[in-house]
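Per-entry structural report
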Amino acid sequence: MANWNPGSYMIRDFASNLDRISFHDASGAVLSHRKVSKSSWQVDVGDNSGLVVEYDVHAGDLSVNTSWASPEYILINPSSVFLYMDESRGLPQVVGIESPLQGGRVFTPMVERDELFEAANFDELVDSPIVISEAVAHRFNDGAQEYFLVNVGAGKLWDGARSSRDLQAIVRATNALWETVPFERPYWFFNFLVERGGGLEHDHGTFIMGSRWQMRDREDYIKWLSLAAHEYFHSWNIRRMRPQGLAGYDLENEQYSGALWLAEGISSYYDNLLL
């Protein structure tokens, strides 16, 4: 299991949230296994060609780095939920979702096909957050590129239409600066107004967390706009243009880089300049 999230360079020990893990073959017969590190298991599959793993995940930490499940909404950071093997990491990944929320819609940058969600490989899956919510998705375009803003937990204090218009202006200015748009599919702004802070960039979307009260004060609202601009700028600076030390991910161990000033510092300069 991954120990950290790309874009948030800190060991998280996600495996500590797993419980009741078991391994079976395709017929349901139990396979013996042993834990060989805090985040990896070795399974004796014998002559079996199939492997089924079942486990529970504690999802009680609400942040841009972790996963959360509640009766109101669910957010899944795949790095904190899904397992992988070295042999399968480069293979296509398919996710099926049975939502416990009546009326909740599934939002994710992954490609949907026949009610399943697909990623080209595990690294793309890790980079594709999943949100289940009754929130409205505000759609806008810049040229041919499509965008969605999903305001989770907004309530009546947050003007979704206004935030969508302001975000569109930021997107237009950023795209004009770079003179190219690097996306192959729609881009998602997942905006959680849950009295938390932080943001985490992804290839085709971002998590933003703030307060539903921020729109009532201009200075506070500008902070939200600045955070959105920062995370969107990362679509180029760190997601596509990346320090060599972070070119490939070792999801189990720390990766050291002396270039985070470039990844975060330049993004922090441009987020306010673009506003």
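On a predicted model such as this, the values are computed, not experimentally measured, just so you know. (Residues numbered from 1 in each chain as written. Predicted model: local features only at pLDDT ≥ 70, side-chain atom pairs only at ≥ 80, totals over all residues. Heavy atoms only, no water.)

Some remarks on the pattern of salt bridges
This is how it is decided: By convention in these notes, a salt bridge is any Lys or Arg side-chain nitrogen within 4 Å of a carboxyl oxygen on Asp or Glu. Only runs of H or I of at least four residues qualify as helices and only runs of E of at least two qualify as strands under DSSP, and these elements are numbered from the N terminus. Here the term buried applies to any residue with accessible area under 20% of the maximum for its type, exposed to any over 50%, and partly exposed to those in between, with areas from a 1.4 Å probe on protein chains only.
Throughout the structure, instances matching the rule amount to 12 salt bridges. When the shortest N-O distance is used, the salt bridge between R89 and D123 registers 2.8 Å. Taken together, the residues R89 in the loop between strand 6 (74–76) and strand 7 (93–95) and D123 in helix 1 (residues 122–126) connect sequence positions 34 residues apart. Residue D123 is classed as partly exposed on the basis of its relative accessible area, which comes to 28%. Each of D127, D203, R239 and R240 takes part in salt bridges that share partners, so that together they form one network.

A short note on the nonpolar core
Inside soluble globular proteins, nonpolar side chains tend to come together where they are buried. Selection criterion: Throughout, nonpolar core names a set of buried Ala, Val, Leu, Ile, Met, Phe, Trp, Tyr and Cys residues whose side chains join them through atoms within 4.5 Å.
With 21 residues, the main nonpolar core has Y147, W158, F189 and Y232 as its most contacted residues. Elements that contribute at least two residues to this core include exactly strand 13 (145–152), helix 2 (160–178), strand 14 (187–193) and helix 3 (218–233). By residue number, the principal contributor to this core is helix 3, which donates 6 residues.

Overview of the packing of helix 2 against helix 3
Defined as follows: Throughout, an axis means a line fitted to C-alpha atoms (over the contacting stretch in the case of helices), and angles, computed between N-to-C directions, take values from 0 to 180 degrees. Roughly parallel refers to an angle under 35 degrees, roughly antiparallel to one over 145, roughly perpendicular to one between 65 and 115, and oblique to any angle outside these ranges. With the far helix as reference, a near helix turned anticlockwise by less than a right angle produces a left-handed crossing, and one turned clockwise produces a right-handed crossing. It only takes one pair of heavy atoms within 4.5 Å for two residues to be counted as in contact.
As a packed pair, helix 2 and helix 3 sit with axes 10 Å apart at the nearest point and diverge in direction by 40°. Regarding the angle of helix 2 to helix 3, the classification is oblique. Considering how the two elements wind past one another, helix 2 and helix 3 form a crossing that is right-handed. Contacts between helix 2 and helix 3 pair R162, S163, D166, L167, I170, V171, T174, N175, L177 and W178 from the former with Y221, W224, L225, A228, A229, Y232 and F233 from the latter.

Re the sheet that holds strand 16 (residues 205–210)
Here is the rule we go by: Pairing between strands requires that DSSP locate at least two bridges from one strand to the other.
Strands sit in the order 12-13-14-16-15 across an open sheet of 5 strands; the sheet is mixed. What marks the edges here is a single partner per strand, and that holds for strand 12 (137–142) and strand 15 (198–202). Across the sheet, the mean angle from the axis of one strand to that of its neighbour is 15°, orientation sign disregarded. In this structure, strand 13 lies alongside strand 14, joined through 6 bridges in parallel fashion. Within strand 14, the residue paired with N151 across the bridge is N191. Sitting on the sheet, helix 2 touches strand 12, strand 13 and strand 14, and the angle it makes with strand 12 is about 30°. The strands touched by helix 3 are strand 13, strand 14, strand 15 and strand 16; relative to strand 16, the strand with the most contacts, the crossing angle is about 155°.

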